[in-house]
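This is what each chain is made of:
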Amino acid sequence: MDLFARSWTALLAAVAGLEDADFARPSGCAGWLVRDLVCHLVIDAQDVLITLVSPAATEATRDAVTYWAVSRTPPTGDDPLDALIVRLAAAYEEPGLLKFHLDDVGSAAGRAARLADPGLRVSTQDQVLTAGDYLSAYVLEWTLHHLDLVAHLPDVAGPPVEALAGARELLERIAEAVFPASFSDRDALLVGTGRRAPTEAERHQLGSLAGQVPLYLG
């Protein structure tokens, strides 16, 4: 729960500090500008709010690891929701409005997470899991998108080190494999999720794991 708060607070602060011109820069998400990514974060924050007030009466069917749908095929950008986000982001016109909306909804999502009972079972996307597992899964979401945000903005602060470490640990559990110790947490996340290709030296260090990554998470 604490790691969720740290990762989300850092991401909100990074967006709040962006210059207007930064919103028209590319992000680390293929085909998305920074403004599109920030709009996606608004949707994510809404999902957190909705999920945390959607208690389930049945037993948990997923945890922080099995929450993720894993694919070996990169996204094509043809998903209707992806296209909707691009149009919605453009409709804001002024970056300040998008920043305000994320701060408003995002702050509420952060407060809801702090108040949530970690053992409460919640429902989302036809899945049931504890609030603690749900929020743990989102540490990976926030950290990856924080890396996406700063991919072409070198002067903007990246994710906190503890979020990078926590996200790497979860990604390794999803992959059922451990990245080489020579990989920084950042590089493990970028290479492991296909955000960049490994160098020849990294591919050699990955060994048999090179045939298992990248993992595309949805």
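Above: the structure in question.
Small disclaimer: the values here were computed from a predicted structure and weren't measured. Residue numbering note: each chain is counted from 1, following its sequence as written. Only residues with pLDDT of at least 70 are given local features in this predicted model, and only at 80 or more are side-chain atom pairs given and counted; all residues enter the totals for whole chains, interfaces and linings. Values reported for side chains reflect all heavy atoms of the structure, with hydrogen atoms and water molecules removed beforehand.

Participant: Hey, could you run me through the pairing of strand E3 (residues 127-130) in this one?
Facilitator: Moving residue by residue along a regular strand, the side chains alternate between the two faces of the sheet. Judged from the 4 bridges that link them, strand E2 (residues 121-124) and E3 form a sheet pairing that is antiparallel. Across the sheet, residue valine 122 finds its bridge partner in E3, namely leucine 129. From the end of E2 to the start of E3, which pair antiparallel, there are 2 residues, and glutamine 125 there has a positive phi angle of about 50°. Strands were regarded as paired on the criterion that DSSP finds at least two bridges between them. Numbering of helices and strands starts at the N terminus; helices are DSSP runs of H or I of at least 4 residues and strands are runs of E of at least 2.

Participant: What is the right way to look at the pattern of salt bridges in this model?
Facilitator: Between side chains of opposite charge, a pair can form as their charged atoms come close. Each salt bridge in this description consists of a side-chain nitrogen of Lys or Arg and a carboxyl oxygen of Asp or Glu lying within 4 Å of one another. On inspection of all chains with the given rule, the structure shows 9 salt bridges. Notably, a salt bridge pairs arginine 195 with aspartate 148, separated by 2.7 Å at the nearest N-O pair. Of this pair, arginine 195 sits in the loop between helix H7 (185-192) and helix H8 (200-206) while aspartate 148 sits in helix H5 (residues 131-150), and the two are 47 residues apart along the sequence. When salt bridges with common partners are traced through the structure, they connect Asp2, Arg6 and Glu162 into a single cluster.

Participant: Sorry if this is basic, but what is going on with unusual backbone geometry here?
Facilitator: Apart from glycine, the bulk of residues carry a negative phi angle, and the bulk of peptide bonds sit in the trans form. A cis amide bond, omega 10°, links valine 213 with the succeeding residue proline 214. Structurally, the position occupied by proline 214 is in the loop between H8 and strand E4 (216-217). If you check the backbone angles, aspartate 126 has positive phi at about 60° while not being a glycine. Note that aspartate 126 resides in the loop between E2 and E3. A positive phi angle is found at glutamate 176, which is not glycine, with a value near 55°. In this fold, glutamate 176 is placed in the loop between helix H6 (161-175) and H7. A residue is classified by how much of its surface remains accessible, and glutamate 176, at 74% relative accessible area, is exposed. Each residue's exposure class comes from its accessible area (1.4 Å probe, protein chains only) as a fraction of the maximum for that residue type: buried when under 20%, exposed when over 50%, partly exposed otherwise.

Participant: Which parts of the structure should I look at to understand the layout of surface pockets?
Facilitator: Any empty space left between atoms is shown by rolling a water-sized probe over those atoms. Lining residues are those with an atom within 4 Å of a point, where the points come from a 1 Å grid over the protein atoms alone and group into cavities, where a 1.4 Å probe fits but cannot get out, or pockets, open sets with protein on both sides within 12 Å along at least five of seven lines. Grid points are joined across faces, edges and corners, and a volume is the space filled by probe spheres set on the points. Within this model, the largest pocket holds a volume of roughly 1200 Å³. Around the largest pocket, the lining is made up of 39 residues, and of these His40, Pro75, Asp82, Leu217 and Gly218 lie nearest the centre. Sorting the residues of the lining of the largest pocket by element identifies helix H2 (34-52), helix H3 (80-91), H5 and E4 as the ones contributing at least two each. Residues are grouped as follows: Ala, Val, Leu, Ile, Met, Phe, Trp, Tyr, Cys and Pro are nonpolar; Asp, Glu, Lys and Arg are charged; all remaining types, including Gly, are polar. Tallied by class, the residues present in the lining of the largest pocket amount to 18 nonpolar, 13 polar and 8 charged.

Participant: How do you make sense of the environment of leucine 11 when you look at a structure like this?
Facilitator: Mapped onto the secondary structure, leucine 11 falls in helix H1 (residues 2-16). Judged by its relative accessible area of 0%, leucine 11 is buried. Along the primary structure leucine 11 and isoleucine 50 are separated by 39 residues, whereas in three dimensions their C-alpha atoms are 20 Å apart.

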